[in-house]
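Observations on chain architecture
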Amino acid sequence: MARKYSSKINKIRTFALSLVFVGFIIMYLGIFFRTNMWVMTIFMMLGMLSIVASTVVYFWIGMLSTKAVQVICPSCEKPTKILGRVDMCMYCKEPLTLDKDLEGKEFDENYNRKSIKS
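The rules behind the values
Residues numbered from 1 in each chain as written. Predicted model: local features only at pLDDT ≥ 70, side-chain atom pairs only at ≥ 80, totals over all residues. Heavy atoms only, no water. Helix = DSSP H or I, 4+ residues; strand = E, 2+ residues; numbered from the N terminus. Contact = heavy atoms within 4.5 Å. Areas by Shrake-Rupley, 256 points an atom, 1.4 Å probe, with all protein chains shown as cover. Expected span 1.5 Å × (residues − 1). Buried < 20%, exposed > 50% of the residue type's maximum accessible area, 1.4 Å probe, protein only. Core = buried A, V, L, I, M, F, W, Y, C linked by side-chain atoms within 4.5 Å. UniProt positions renumbered as here; feature names shortened; annotations may be inferred. Pairing = 2+ DSSP bridges.

A separate point is the overall build of the protein. Of regular secondary structure, the protein possesses 2 helices and 4 strands. Along the protein, helices and strands appear, N-terminal first, in the series α-α-β-β-β-β. Taking the contacts inside the protein whose residues are at least 6 apart along the sequence as the reference set, 42% of them involve residues at least 24 apart. Put simply, the protein shows about 8500 Å² of open surface, and 66% of that area lies on carbon and sulfur atoms.

A word on helix H2 (residues 37-67). Turn by turn, an α-helix covers 3.6 residues, leaving residues three or four places apart pointing in a common direction. Its 31 residues place the ends of H2 45 Å apart at the C-alpha level, agreeing with the 45 Å of an ideal helix rising 1.5 Å per residue. Within H2, the full set of buried residues consists of Met 40, Gly 47, Ser 50, Ile 51, Ser 54, Val 57, Ile 61 and Ser 65. Summarising the contacts, the buried residues of H2 are in contact with helix H1 (8-31) and strand E2 (79-82).

What follows deals with the environment of Phe 33. Within the secondary structure layout, Phe 33 lies in the loop between H1 and H2. Owing to a relative accessible area of 34%, Phe 33 belongs among the partly exposed residues under this scheme. Phe 33 sits 10 residues away from Phe 43 along the chain, and the two C-alpha atoms are 8.9 Å apart. Apart from residues lying up to four places away in sequence, Phe 33 is in contact with Val 39, Met 40 and Phe 43.

Turning our attention to the nonpolar core. Membership of the largest hydrophobic core is limited to 9 residues, which are Ile 9, Ile 12, Ala 16, Leu 19, Val 57, Ile 61, Ala 68, Leu 83 and Met 90. The element contributing the most residues to this core is H1, with 4 residues. Counting residues in hydrophobic clusters, the runner-up holds 5 residues, among them Val 71, Cys 73, Ile 82 and Cys 89.

Before going further, it helps to examine the UniProt feature "transmembrane region" (unreviewed entry) in the protein. Within this numbering scheme, the UniProt entry marks residues 12-31 and 37-61 as carrying the feature "transmembrane region" (unreviewed entry). From the first C-alpha to the last, residues 12-31 spans 30 Å; its make-up is 100% helix and 0% strand. With 100% helix and 0% strand, residues 37-61 has end C-alpha atoms that lie 36 Å from one another.

Alternating residues of E2 divide into Thr 80 and Ile 82, all buried, and Pro 79 and Lys 81, none buried. Examined bridge by bridge, strand E1 (residues 69-72) and E2 share 4 bridges and lie antiparallel to one another. Bridging from a neighbouring strand, Val 69 pairs with Ile 82 of E2. Two successive antiparallel strands, E1 and E2, enclose a turn made up of 6 residues, where Glu 77 displays a positive phi of approximately 60 degrees.

This is the structure in structure tokens:
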């Protein structure tokens, strides 16, 4: 079964969004413990920490996104950003690279790891 790839920026943004929803769910679970104030407070604080963590992740990916290389995708001709040696187009999922040694090779996210040599 082929693994579904997506842009690294989109993966991190999806993770941050999931942290927001997880935080809300944790806080909602705290409502069921209204009779025990300590347990409810713990759930509310854990939910709030999850939401704060998502804010930190959103800020981090925003800063990282400003430093990413912007290219025009040859397939859909839309501007997209590349993080690392290989990445996917945010729109059409076309594999992209700026490394001449990797052109024509099959897409593999492991090319972004420092220990892997082409």
